[in-house]
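This is what each chain is made of:
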Amino acid sequence: MGTLDGVMSADISKDDPRPESEQAADILRQEILRGDIKPGAHVGSVRDLATRFKISGMTVQRALAILREDGLILTTSRGSYARDPQQAAEASEADAGVDLPEVLRQLEHLTSQVSELRGRLEALESRSVPGGA
């Protein structure tokens, strides 16, 4: 294991049955949780991470997506940055408290609005003059 910008590198194992993106995400996750990558620190560019892990840029992007879903990184136009693991855990717990009946009620309302709009559009199309305006 060598270092890249002061962070220990770890190899992606061809013998591991998990996808390379999950392996890379797990390595970065551990580095964030251990504090090797501090909150607010740049995780690394896609190119640097691809070089570090010897995987494709697309695979790195999938790994970063996993970490975003876990709330461990924030991606901006300037790159991906580590979040405080405690804040990420609290945000995840807050997201778990979603009021499902309210979400379903809103979804039903939106579905009815879409149906109404579809009906209006069909009525307008049936009134249109064939051959143009």
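Everything discussed here concerns the structure shown above.
Quick caveat, the model's predicted, so the values are computed rather than measured.

Visitor: I would appreciate a short explanation of the overall build of the protein chain in the present structure.
Guide: Helices and strands together make up the secondary structure of the protein chain, namely five helices and four strands. The helix and strand sequence of the protein chain, counted from the amino end, reads β-β-α-α-α-β-β-α-α. For the protein chain, restricting intrachain contacts to residue pairs at least 6 apart in sequence, the fraction spanning at least 24 positions comes to 54%. Accessible surface, the protein chain: about 9300 Å² in total, of which carbon and sulfur atoms supply 54%.

Visitor: Hey, could you run me through the packing of helix α1 (residues 20–34) against helix α3 (residues 57–69) in this one?
Guide: How two helices pack is summed up by the angle between their axes together with the distance between the axes. Closest axis-to-axis distance for the α1/α3 pair is 8 Å, and the angle between their directions is 50°. Between α1 and α3, the angle falls in the class oblique. Between α1 and α3 lies a crossing of right-handed hand. Here α1 contributes Glu20, Ser21, Glu22, Ala24, Ala25, Leu28 and Arg29 to the contact with α3, which in turn contributes Thr59, Arg62, Ala63, Leu64, Ile66 and Leu67.

Visitor: Where do I start with the packing of α1 against helix α2 (residues 46–53) in this structure?
Guide: Put simply, α1 and α2 touch, their axes get as near as 12 Å, and they point 105° apart. Put simply, α1 runs roughly perpendicular to α2. For the pair α1 and α2, contact is made by Ala24, Ile27, Leu28 and Glu31 and by Leu49, Arg52 and Phe53, respectively. Considered class by class, the residues forming the contact of α1 with α2 number five nonpolar, no polar and two charged.

Visitor: What is the right way to look at the nonpolar core in this model?
Guide: In summary, soluble globular proteins display a tendency toward joint burial of nonpolar side chains. Ranked by internal contacts, the top residues of the largest apolar core, which has 20 residues, are Leu28, Val43, Leu49, Phe53 and Leu64. Elements with a minimum of two residues in this core: α1, α2 and α3. In terms of residue count, α1 provides more of this core than any other element does, five residues in total. Residue contacts for Leu49: discarding those within four places in its chain leaves Leu28, Val43, Gly44, Lys54, Val60 and Leu64.

Visitor: Would you take a moment to explain the pattern of salt bridges for this structure?
Guide: Side chains carrying opposite charge are able to pair once their charged atoms draw close together. Under the defined criterion, the tally for this structure stands at eight salt bridges. Notably, a salt bridge pairs Arg18 with Asp26, separated by 2.1 Å at the nearest N-O pair. Residue class for Asp26 comes out partly exposed when judged on its relative accessible area of 28%. The partner of Asp26 in a salt bridge is Arg29, and the shortest N-O contact between them spans 2.3 Å. Of this pair, Asp26 and Arg29 both sit in helix α1, separated by three residues, roughly a single helical turn.

Visitor: What's the story with unusual backbone geometry in this structure? I'm lost.
Guide: Of all residues except glycine, most have a negative phi; of all peptide bonds, most are trans. Phi angles above zero are rare outside glycine, and Lys54 is one such case at about 60°. Relative to the helices and strands, Lys54 is located in the loop between α2 and α3. Of the residues examined, Lys54 reaches a relative accessible area of 65% and is grouped as exposed.

Visitor: Can you help me understand a nonpolar patch on the surface in this one?
Guide: A cluster of nonpolar side chains, Leu100, Val103, Leu104 and Leu107, forms an exposed patch at the surface whose accessible area comes to about 360 Å². Residue placement: Leu107 occurs in helix α5 (residues 100–127).

Conventions adopted
- Residues numbered from 1 in each chain as written.
- Predicted model: local features only at pLDDT ≥ 70, side-chain atom pairs only at ≥ 80, totals over all residues.
- Heavy atoms only, no water.
- Helix = DSSP H or I, 4+ residues; strand = E, 2+ residues; numbered from the N terminus.
- Contact = heavy atoms within 4.5 Å.
- Areas by Shrake-Rupley, 256 points an atom, 1.4 Å probe, with all protein chains shown as cover.
- Axes fitted to C-alpha atoms, helices over the stretch in contact; angles between N-to-C directions.
- Parallel < 35°, antiparallel > 145°, perpendicular 65-115°, else oblique.
- Left-handed = near helix turned anticlockwise from the far one by under 90°.
- Nonpolar A, V, L, I, M, F, W, Y, C, P; charged D, E, K, R; others polar.
- Core = buried A, V, L, I, M, F, W, Y, C linked by side-chain atoms within 4.5 Å.
- Buried < 20%, exposed > 50% of the residue type's maximum accessible area, 1.4 Å probe, protein only.
- Salt bridge = Lys/Arg side-chain N within 4 Å of Asp/Glu carboxyl O.
- Patch = residues over 30% accessible without salt bridge, like charges linked within 9 Å, V, L, I, M, F, W, Y side chains within 5 Å.

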